Each structure stands twice: as C-alpha cells, then as structure tokens.
Amino acid sequence: MDTADRAHAPVVVAIDGPSGSGKSTVSRAVAARLGLSFLDTGAMYRAMTWWMLANEVDVTDAEAVAVACGKPVIVSGVDAAGPTITVDGQDVSGPIRGPEVTAQVSAVSAVPQVRTRLVELQRGCAELAERGIVAEGRDMGTVVFPTATVKVFLTASQNARAERRAAELRAKGVDEATITAMAADLARRDAADSSRDTSPLTQAADAVLVDTSELTLEQVIETITALVEQKAGLTAV
Ligand code: DC
C-alpha cells in the first residue's frame, strides 16, 4: 500500500497484550481522544463463553463448542464513550465479567471455529468504523489486522499486573482470599492464552513494545496517542 492509499484507508490501531496490562482502559481512552471507534475483542470471547454456559454446552468439549459457536448473535457497540455487548439482544456486559465466564473463557477462545467466527465479526466492525478503530485483544496485530496502521504490544511485569488487579478488586471490597485466587487464575489464563495452538498471544514483528510497569495510566495513554498521531496523521478531537 503506498502513502496515498494509506491516507484514505480507515485507521486501525491494533493493541495486544496479556491480562492486566491495562489494554482496555488505555485503548478506550486513546480511541476517545482521537475520535475513533473502540473494540474490546476479549468481551466477544467472554460473550461467546457466557452463551455456551447459559445453554449448557460442555466447554471442555472442543467439538461441542465448535458445533454450537455459530448460533449466538453477538453484537459489539463500538462507541468509545459507551461500548456495549449483547448476545441475542440481551445486554451481557455485567455477567461476562463474572468468575464463571472468566474461569472458562480460555478454553472457549482456544477453539479454532470460535476464532474464525469472531475474527469475521471483528473485521466487520473495523470496516464500518467511519474514522477508524482501536481494537484490543491478543491477536489484533498478528492475525485479525495484519496491515494495521499502528500496532502496539502492551505489557507489564507479572508483579505489576497482579498488583493492579488486586488494587482494583480491593477498591470493590473483594476479600484477600479471593484476590489471591484471582491472581492465580490470571497467571493460569496468561499461560493458556500464550501457549495455545491457534493465534497465541505474541508480539507482532512490527509492533511497538510499551512496557507499562513503571508508567502511570496517563503516561501510557499519552505515549500511545502520540504514536497514533504520528503514524496515522490523526489529531485529537
Ligand atoms: O481481555 P480479556 O481478559 O477480557 O479476554 C478474555 C479472554 O479472551 C482471554 O483469556 C483471552 C481471550 N482472548 C483471545 O483469545 N483473543 C482476543 N483477541 C481477545 C481475548
């Protein structure tokens, strides 16, 4: 693609990284500042998992998941000011963050047929985005949007990520035993997401690595906003 083509192509900002790297908060804030749409692809895998559990599909049976995954109608609202997610018309933004879905989502997201279906929906969201989109997940830069205008791999030390998650949970009044259990679950999920056969979490060769361990949230948002302004020729709205 030459420079002239790129000037007219919708901007795609692909942000990948492990759980607790701050991807969702940062991606949404960058999208809002630059007037871009925002897509949380983890929410789509969570919505698919929620539907499997609600319909009593055995999520440890990859064949059963593969057969069923074409059924739910999953719709992502991509307004950075108020993203939404529905399954068959039902708002599932609350239940998809619960412990049942969180415990099972790695198994469901490892099924290739699930990924094929959701990747198609994700590309559809990008095509419809007027000015462009910030899409966050695990395989945005490697698989879903290989020609993205800007690719960022957001990371933080295991310690920093566990600390941030613990602080969030403490603020919500969650007890220490649950916080410890959730830290173990986070580590297990990262290992599963990074070692699966289909689209594991990996840094794209052309992604910019941003280590957020020693940065404040505002510093990360500013760094990525500046990167997108520079690479995509966009300015804040
Ligand atoms: O970002 P999150 O924690 O909400 O993601 C939930 C799960 O979905 C996570 O365990 C990995 C999976 N996921 C994925 O496989 N591919 C993506 N593009 C996004 C999330």
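The text that follows walks through the structure, step by step, so that each part is easy to find.

How each quantity is defined
Throughout, a residue's number is its position along its own chain's written sequence, starting from 1. Per-residue local features are limited, in this predicted model, to residues with pLDDT of at least 70; the limit for side-chain atom pairs, both in listing and counting, is 80 or more; totals at the level of whole chains, interfaces and linings are taken over all residues. Excluding hydrogens and water, the side-chain values take into account all heavy atoms of the structure. Between any two strands, at least two bridges found by DSSP are needed for them to pair. Each helix is a run of DSSP H or I of at least 4 residues and each strand a run of E of at least 2, with the numbering of both proceeding from the N terminus. For helices, the fitted axis covers only the stretch in contact; all axes are lines through C-alpha atoms, and the angles between them, taken along N-to-C directions, range from 0 to 180 degrees. In this analysis, two residues are considered to be in contact whenever any of their non-hydrogen atoms come within 4.5 Å of each other. By definition here, a salt bridge exists when the distance from a side-chain nitrogen of Lys or Arg to a carboxyl oxygen of Asp or Glu is within 4 Å. Type-normalised accessible area, obtained with a 1.4 Å probe on protein chains alone, sets the label of each residue: buried when under 20%, exposed when over 50%, and partly exposed for intermediate values. We define proximity as follows: a residue is near a molecule or strand when any one of its heavy atoms falls within 4 Å of that partner. Polar contacts, as used here, are pairs of N or O atoms within 3.5 Å; protein pairs need one atom able to donate a hydrogen and one able to accept it. Residues neighboring in sequence count only if both atoms are side-chain atoms. For every accessible area listed, the method is Shrake-Rupley and the probe measures 1.4 Å; residues are considered covered only by the protein chains on display. Residue type decides the class: Asp, Glu, Lys and Arg count as charged, Ala, Val, Leu, Ile, Met, Phe, Trp, Tyr, Cys and Pro as nonpolar, and the leftover types, Gly among them, as polar. Buried Ala, Val, Leu, Ile, Met, Phe, Trp, Tyr and Cys residues form a nonpolar core when they are joined through side-chain atoms within 4.5 Å.

## Some points on the sheet that holds strand β7 (residues 150-155)
Strand order in the open sheet made by the five strands is β2-β6-β1-β7-β8, with parallel pairing throughout. Pairing within the sheet leaves two strands with one partner each, and these edge strands are β2 (37-40) and β8 (208-211). Ignoring strand direction, the axes of neighbouring strands in this sheet form an average angle of 20°. Alignment of β7 against β8, held across four bridges, turns out to be parallel. Bridging from a neighbouring strand, Val152 pairs with Val208 of β8. Seen against the sheet, helix α2 (residues 23-34) touches β1 (11-16), β2, β6 (132-137) and β7 and runs at an angle of roughly 175° to β6. Here helix α3 (residues 41-54) sits on the sheet and contacts β2 and β6; the angle it forms with β2, its principal contact strand, is near 45°.

## Observations concerning the pattern of salt bridges
With the rule as written, the count across this model stands at eleven salt bridges. For the salt bridge of Glu218 with Arg33, the shortest nitrogen-to-oxygen distance reads 3.1 Å. In this pair, Glu218 is assigned in helix α10 (residues 217-232) and Arg33 in helix α2, connecting sequence segments 185 residues apart. Its relative accessible area of 37% is what places Glu218 among the partly exposed residues. Arg33 gets classed as partly exposed once you look at its relative accessible area, which sits at 29%. Through salt bridges with shared partners, one network takes in Arg138, Asp193 and Arg196.

## Looking at unusual backbone geometry
Leave glycine aside and you will find that most residues have negative phi; peptide bonds, for their part, are mostly trans. Non-glycine residue Glu56 carries a positive phi angle of around 55°. Looking at the element boundaries, Glu56 is found in the loop between α3 and α4 (62-68). Not every positive phi belongs to a glycine, and Ser199 is a case in point at roughly 45°. The exposure class assigned to Ser199 is buried, which follows from its relative accessible area of 15%.

## Some points on the site of the ligand
The ligand sits among 16 residues. The nearest are Arg46, Arg115, Asp139, Asp193 and Arg196. For the ligand, an oxygen atom lies 3.0 Å from a polar atom in the side chain of Arg138. Arg189 is positioned with one of its side-chain polar atoms (N or O) 3.1 Å from an oxygen atom of the ligand. Relative to its unbound accessible area of 450 Å², the ligand is 96% covered by the protein chains. Contributing elements (two or more residues each) for the shell around the ligand: α3, α5 (99-109) and α9 (176-195). The biggest single contributor to the shell around the ligand is α3, with four residues. In terms of residue class, the shell around the ligand is built from three nonpolar, five polar and eight charged.

## Re the sheet that holds strand β5 (residues 90-91)
With antiparallel pairing, three strands are arranged side by side in an open sheet as β3-β4-β5. Unpaired on one side and paired on the other, β3 (74-77) and β5 mark the two borders of the sheet. In terms of strand pairing, β3 meets strand β4 (residues 84-87) through four bridges, oriented antiparallel. Within the sheet, the bridge partner assigned to Ser76 lies in β4 and is Ile85.

## As for the side chain of Ser27
Along the polypeptide, Ser27 turns up in helix α2. If we ignore the near neighbours within four places in the chain, the residues touching Ser27 are Ile15, Phe38, Val134 and Glu136.

## Comments concerning the pairing of β2
Side chains Ser37 and Leu39 project from β2 onto one buried face, and the interleaved Phe38 and Asp40 project onto a second face that is buried too. Examined bridge by bridge, β2 and β6 share four bridges and lie parallel to one another. Bridge assignment links Leu39 to a residue of β6, and that residue is Ala135.

## Quick notes on the nonpolar core
Core analysis: the largest hydrophobic core is formed by 38 residues, its most contacted members being Met48, Met52, Ile85, Val114 and Phe145. Looking at this core, the elements that each hand over two or more residues are β1, α3, α4, β4, α5, α6 (112-128), β6 and α7 (140-144). With eight residues, the single largest contributor to this core is α3. Judged by nonpolar contacts, the second largest core, of 21 residues, contains Val30, Val134, Val152 and Val228.

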